[in-house]
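# Structural overview
Each chain, written out:
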Amino acid sequence: MSREKSFASKRRKEKIADITALVLVIILALIVMLPIWWIFRSSLMTNAELFQWPPQFLPPNWLFSNYKDALVYFPFWDYFKNTMTIILPSVVGGTITATLGGYAFARLRFPGKKFLFSLCVGSMLLPTMVTLIPLYIMWTRGFHLANTYWPLILPYFCGGGAFNIFLIRQFISTIPKELDEAATIDGAGKFGILFNIILPSIKSAMIVVALLLFIQIWNDLLQQMIYINTSDKFTIAIGLSQFKGSLKSDWSAIMCATCMSFVPGVVFYLIGQKYFVEGIALTGMKN
């Protein structure tokens, strides 16, 4: 009888702990979502309503017409097309080359492999500002690609960054090498092993890399401002910064433009969030 009571008491404590954890997670989620809701709520109000005191949590009139008015001065679809012109080839090229690089470091044998991998990982410690000026001189004076998208696209065809190569390499390391040996016995070559065994097993990691590249390029205001000079080539990041500077007092329109700017990124993340969490959780685990 005492054993049943202790078991029931333990279950009760576990249930209370689960409920407490759930409540805390909900509270933290609401705190995180509050700034996003505040921006959206502000985009549906007039400028006079924004500065009322005390502030209103809900818009009194829900002015969705503000978005139509903001599009007159903020050509979102043109900016979106320009942004995707950079993102699509960069994400595809970066994901493919990161996969090839990660596969080479995880499975292939070649001279200087450990040194090159150490150099690749060590490059993550190099600040972006150190290479900013040399790269600008190379792209503009060396290759004469100023005011084009190429300086923003081509670097991602080198693995999309050392972290992405490292991520893919760690993920491939979790796949048993016995599968490679069995495929070799069946007559598969290096690319046969890659396409038939490795790639089906690392879909999550590849989606993680694609999402990280998407978010990185979407938010990369500094590089885009350096290489893009004309308004017809502006991306969403540049367009939003210019829009904020030209409408210092029209906060309602600025909030509308801000909402339109982050919605596509949120949508793309929600589509791949399952694989993103799975890929991050499994990276570095063994067999």
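Everything in this summary refers to the structure shown in the same document. (Residues numbered from 1 in each chain as written. Predicted model: local features only at pLDDT ≥ 70, side-chain atom pairs only at ≥ 80, totals over all residues. Heavy atoms only, no water.)

Next up on the list: the overall build of the protein chain. Scanning the protein chain for helices and strands turns up 14 helices and zero strands. The linear arrangement of helices and strands in the protein chain, starting from the amino end, is α-α-α-α-α-α-α-α-α-α-α-α-α-α. Relative to the globule expectation of 19 Å for 287 residues, the C-alpha radius of gyration of the protein chain, 25 Å, shows a markedly less compact shape. With the principal axes as the frame, the protein chain shows a C-alpha extent of 85 × 75 × 30 Å. Taking all 287 residues of the protein chain together, the buried fraction comes to 36%. In the protein chain, the proportion of contacts linking residues at least 24 apart, taken out of those at least 6 apart, comes to 73%. Summed over all atoms, the accessible surface of the protein chain reaches about 17700 Å², with 70% contributed by carbon and sulfur. Each charge class in the protein chain can be summarised by its mean position, and for the 24 positive and 14 negative side chains these summaries are 7 Å apart. (Helix = DSSP H or I, 4+ residues; strand = E, 2+ residues; numbered from the N terminus. Rg over C-alpha atoms; globule rule 2.2 N^0.38 Å. Buried < 20%, exposed > 50% of the residue type's maximum accessible area, 1.4 Å probe, protein only. Contact = heavy atoms within 4.5 Å. Areas by Shrake-Rupley, 256 points an atom, 1.4 Å probe, with all protein chains shown as cover. Lys, Arg positive; Asp, Glu negative; His and termini not counted. Charge placed at Lys NZ, Arg CZ, Asp CG, Glu CD.)

Once that is clear, we can look at the nonpolar core. Grouped together as the largest cluster of nonpolar side chains are 56 residues, with contacts concentrated most on Phe74, Ile198 and Ile202. Among the elements that make up this core, the one with the highest residue count is helix α4 (residues 76-107) (ten residues). Residues in contact with Phe74, not counting those within four places in the same chain, are Tyr79, Gly239, Leu240, Phe243, Ala257, Met260 and Ser261. (Core = buried A, V, L, I, M, F, W, Y, C linked by side-chain atoms within 4.5 Å.)

The subject of this paragraph is the pattern of salt bridges. Tallied over the entire structure, the rule returns two salt bridges. A salt bridge links Asp180 to Arg107, with the shortest nitrogen-to-oxygen separation between them at 2.5 Å. Placement of Asp180 in helix α9 (residues 177-185) and of Arg107 in helix α4 is noted, with a sequence separation of 73 residues between them. Looking at Asp180, the relative accessible area reads 9%, which means it is buried. One salt bridge in this structure joins Asp232 and Lys233, with 4.0 Å as the shortest N-O distance. For Lys233, a relative accessible area of 24% puts it in the partly exposed group. (Salt bridge = Lys/Arg side-chain N within 4 Å of Asp/Glu carboxyl O.)

The phi dihedral of Trp62 falls on the positive side, at around 55 degrees, and the residue is not glycine. Within the element layout of this structure, Trp62 appears in the loop between α2 (47-50) and α3 (65-73). A relative accessible area of 36% places Trp62 in the partly exposed class. Positioned with a positive phi, Asn147 is a non-glycine residue whose angle comes to about 60 degrees. Turning to its location among the elements, Asn147 is positioned in the loop between α6 (128-142) and α7 (150-153).

If you walk through the whole model with that rule in mind, you get 19 aromatic pairs. Seen in terms of ring centroids, Tyr136 and Tyr227 are 5.9 Å apart; in terms of plane orientation they differ by 35 degrees. Their pairing is tilted. Of this pair, Tyr136 sits in helix α6 while Tyr227 sits in helix α12 (residues 221-227); the two residues are 91 residues apart in sequence, bridging distant segments of the chain. For Tyr136, a relative accessible area of 36% gives the class partly exposed. An aromatic cluster of at least three residues, connected via ring pairs, comprises Phe74, Phe76, Trp77, Tyr79, Phe80, Phe214, Trp218 and Phe268. One Lys or Arg, Arg169, reaches over the ring of Phe117 and ends 4.4 Å from the middle of that ring. (Phe/Tyr/Trp six-rings, centres within 6.5 Å; stacked < 30°, edge-to-face > 60°. Lys NZ or Arg CZ within 6 Å of the ring centre and 35° of its normal.)

Now for the packing of α4 against helix α5 (residues 113-122). Following both chains from N to C, one finds α4 and α5 inclined at 135 degrees, their axes separated by 10 Å at the closest point. By the angle between their directions, the pair α4 and α5 is classed as oblique. Seen along the crossing, α4 lies across α5 with a hand that is left-handed. Facing α4, whose interface residues are Ala104, Phe105, Ala106 and Arg107, α5 presents Lys113, Leu116 and Phe117. (Axes fitted to C-alpha atoms, helices over the stretch in contact; angles between N-to-C directions. Parallel < 35°, antiparallel > 145°, perpendicular 65-115°, else oblique. Left-handed = near helix turned anticlockwise from the far one by under 90°.)

Before going further, it helps to spend a moment on a nonpolar patch on the surface. On the surface, a cluster of nonpolar side chains totalling about 560 Å² of accessible area is made up of Ile19, Val23, Leu24, Ile27, Leu28 and Ile31. Take Ile31: it is sitting in helix α1 (residues 2-43). Owing to a relative accessible area of 53%, Ile31 belongs among the exposed residues under this scheme. (Patch = residues over 30% accessible without salt bridge, like charges linked within 9 Å, V, L, I, M, F, W, Y side chains within 5 Å.)

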